[in-house]
Amino acid sequence: MLNIEDLSRIKGLRFPRSVIGYAVWVYHRFSLSLRDVEDLLAERGVAVSYETIRDWVNRFGHQFAAKIRQILLPCEVRCVRPLGWLCRKTDRLITGSHA
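Residues numbered from 1 in each chain as written. Predicted model: local features only at pLDDT ≥ 70, side-chain atom pairs only at ≥ 80, totals over all residues. Heavy atoms only, no water.

Colleague: Explain helix H1 (residues 17-29) to me, and be specific about the residues and the numbers.
Modeller: With 13 residues, H1 extends 17 Å between its outermost C-alpha atoms, agreeing within 8% with the 18 Å of an ideal straight helix rising 1.5 Å per residue. Among the residues of H1, those classed as buried are Val19, Ile20, Gly21, Ala23, Val24 and Val26. Positive backbone phi, approximately 50°, marks serine 31, located one or two places after H1. (Helix = DSSP H or I, 4+ residues; strand = E, 2+ residues; numbered from the N terminus. Expected span 1.5 Å × (residues − 1). Buried < 20%, exposed > 50% of the residue type's maximum accessible area, 1.4 Å probe, protein only.)

As structure tokens, this is what we get:
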């Protein structure tokens, strides 16, 4: 997951950065519905409505996307298309490209 401390716009809200960051990250990472994210948070003891999660996604989603783009590195994928993306450093280690 992303380092939530870097996201400076998440200040002065009712819920801590970790909850907001987790909700937005899970929504985008796993392509879940807002109600699914609401259920995940409810299982962890956080009572929040799907409308609040929608507001967080709309307010902070682009900031998360910018951070994710900094993490992702371009690489060549010959079988599918000329430019692909690897998500993790472990993938780079497995494929042997240590750039």
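Additional details are given in the paragraphs that follow.
Colleague: Could you give me a rundown of the nonpolar core, with the residues and numbers involved?
Modeller: In terms of nonpolar packing, the biggest core is built from 16 residues, with Phe15, Leu41, Val48, Ile53 and Trp56 touching the most fellow members. Listing elements by their share of this core, those giving two or more residues are H1, helix H2 (34-43) and helix H3 (50-71). Those residues in contact with phenylalanine 15, other than ones at most four positions away along the chain, are Ile20, Val46, Ala47, Val48 and Trp56. (Core = buried A, V, L, I, M, F, W, Y, C linked by side-chain atoms within 4.5 Å. Contact = heavy atoms within 4.5 Å.)

Colleague: Give me the lowdown on H2, citing residues and values where you can.
Modeller: Taken residue by residue, H2 has Leu34, Val37 and Leu41 as its buried positions. The arc that holds every buried residue of H2, seen down its axis, measures 60°, which confines them to one face. Across from the buried face of H2, at angles greater than 90 degrees, the exposed residues are Ala42 and Glu43. Downstream of H2 by a residue or two, glycine 45 has a phi angle that is positive, lying close to 85°. (Arc of directions from axis to C-beta.)

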